[in-house]
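# Residue-level structural notes
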Amino acid sequence: MRRAGPEDLKKVVEIEQASFRFPWSFYLFLRELENPASRFFVWEEAEAVVGYACYWVVADEAYLANIALDPSWRRQGFGRRLLEGSLGRLAKEGVTQVVLEVRRGNGAALSLYRSLGFKVVGKRPRHYEDGEDAWVMRLRLKEVFHDRSGDYREAYGKP
Ligand SMILES: CC(C)(COP(=O)(O)OP(=O)(O)OC[C@H]1O[C@@H](n2cnc3c(N)ncnc32)[C@H](O)[C@@H]1OP(=O)(O)O)[C@@H](O)C(=O)NCCC(=O)NCCS
């Protein structure tokens, strides 16, 4: 895992378009590279970008704005490793909690977030363009990193 650069955007946009009905544009990703609040990470396998995660950091809170894995690289544990790796980096720079929104019907993402200790803390009715509700989830990194277990699932228990 490493920070994203301009050379990654072509592949990132391809993955984005294969992953979402309302994908971010090339220019939105380009802005992420320039936004000082943004933490934009990519995951590489066999020297190719196979996934990315993009957060916005304000004070000690991060918002997970976007995450996706190349469809042909899913279900092999890379989404989890990308999240764990990026959360670890954020914790090191002083982030203590991470918030995200996830579509009510996105079972794969919900299950991934739950397995890392995210908890549903609210609902935004009709949040998405097509009227689907969003669950708001939060992970308190402080509890995870300071309880000496050093492992999310150990800290919170399996979902
Ligand atoms: C969500 C996503 C990032 C997961 O990436 P991934 O690399 O496939 O995930 P992993 O292989 O690391 O799986 C980790 C856990 O996620 C859950 N999960 C992943 N895919 C799943 C699926 N199709 N169905 C149910 N659970 C799933 C499981 O809990 C899994 O743990 P397990 O393998 O021990 O059962 C990927 O499915 C994706 O890119 N989806 C499209 C974009 C998206 O929805 N992003 C989230 C927006 S909020």
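The structure displayed is predicted, hence computed values, not measured ones. (Residues numbered from 1 in each chain as written. Predicted model: local features only at pLDDT ≥ 70, side-chain atom pairs only at ≥ 80, totals over all residues.)

## Some words on the overall build of the protein
The helix and strand inventory of the protein stands at six helices and seven strands. Ordered by position from N to C terminus, the α and β elements of the protein give β-α-α-β-β-β-α-β-α-β-β-α-α. Here the protein, with 159 residues, has 28% of them falling under the buried criterion. Residue pairs in contact within the protein that sit at least 24 positions apart in sequence constitute 55% of those at least 6 positions apart. (Helix = DSSP H or I, 4+ residues; strand = E, 2+ residues; numbered from the N terminus. Buried ≥ 20, exposed ≤ 12 C-beta atoms within 10 Å, placed from the backbone. Contact = placed C-beta atoms within 7 Å.)

## Thoughts on the packing of helix α1 (residues 9-19) against helix α2 (residues 26-34)
It is at 10 Å that the axes of α1 and α2 come closest, and there the two elements cross at 130°. It follows from the interaxial angle that α1 and α2 lie oblique. For the element pair α1 and α2, the recorded crossing hand is right-handed. Of α2, the residues touching α1 (which contributes Leu9, Val12 and Val13) are Phe26, Phe29 and Leu30. (Axes fitted to C-alpha atoms, helices over the stretch in contact; angles between N-to-C directions. Parallel < 35°, antiparallel > 145°, perpendicular 65-115°, else oblique. Left-handed = near helix turned anticlockwise from the far one by under 90°.)

## Re the pairing of strand β6 (residues 119-124)
Of all six residues making up β6, only zero are buried, and the element is barely covered by its neighbours. Bridge analysis of β6 against strand β7 (residues 134-140) gives five bridges, and the strand direction is antiparallel. Across the sheet, the residue bridging to Gly122 is Val136, located in β7. (Pairing = 2+ DSSP bridges.)

## Remarks on the nonpolar core
Grouped together as the largest cluster of nonpolar side chains are 34 residues, with contacts concentrated most on Val12, Phe41, Val42, Tyr52, Ala53, Leu64 and Val98. Listed by contribution, the elements that provide at least two residues to this core are α1, β2 (38-45), β3 (48-58), β4 (61-69), α3 (78-92), β5 (97-103) and β7. The element best represented in this core is β3, accounting for six residues. In this structure Val98 touches Ala62, Leu64, Leu87, Leu90, Leu139 and Leu141, once residues within four positions along its chain are discounted. (Core = buried A, V, L, I, M, F, W, Y, C linked by C-beta atoms within 7 Å.)

## Digging into the pairing of β3
Judged from the eight bridges that link them, β2 and β3 form a sheet pairing that is antiparallel. Note that in β3 the partner of Phe40 across the bridge is Cys54. The hairpin formed by β2 and β3 contains two residues between the paired strands, and Ala46 there has a positive phi angle of roughly 50°. Here β3 hands over to β4 after two residues, with Ala59 in that stretch at a positive phi of 50°.

## Description of the sheet that holds strand β1 (residues 2-3)
Each strand in a sheet pairs with its neighbour through backbone hydrogen bonds, running either in the same direction (parallel) or in the opposite one (antiparallel). An order of β1-β2-β3-β4-β5-β7-β6 is seen for the seven strands of this open sheet, with the pairing classed as mixed. Strand pairing shows two members of the sheet lacking a second neighbour, β1 and β6, which therefore form its edges. Strands in contact with α1 are β2, β3 and β4; relative to β3, the strand with the most contacts, it is inclined by about 85°.

## Things to note about the confidence of the model for the protein
Taken residue by residue, the protein gives an average pLDDT of 91. The fraction at 70 or more is 89%. Counting interchain partners and residues more than four positions distant, the pLDDT-below-50 stretch residues 152-159 has 15 contacts. (pLDDT = per-residue confidence, 0-100.)

## Structural notes on the site of the ligand
By nearness alone, 19 residues border the ligand, and Arg74, Gly79, Arg80, Ala108 and Leu112 come closest of all. For the shell around the ligand, the secondary structure elements donating two or more residues are β4, α3 and α4 (107-115). Of all the elements, α4 adds the most residues to the shell around the ligand, at six residues. For the shell around the ligand, the per-class residue count stands at eight nonpolar, eight polar and three charged. (Near = placed C-beta within 6 Å. Nonpolar A, V, L, I, M, F, W, Y, C, P; charged D, E, K, R; others polar.)

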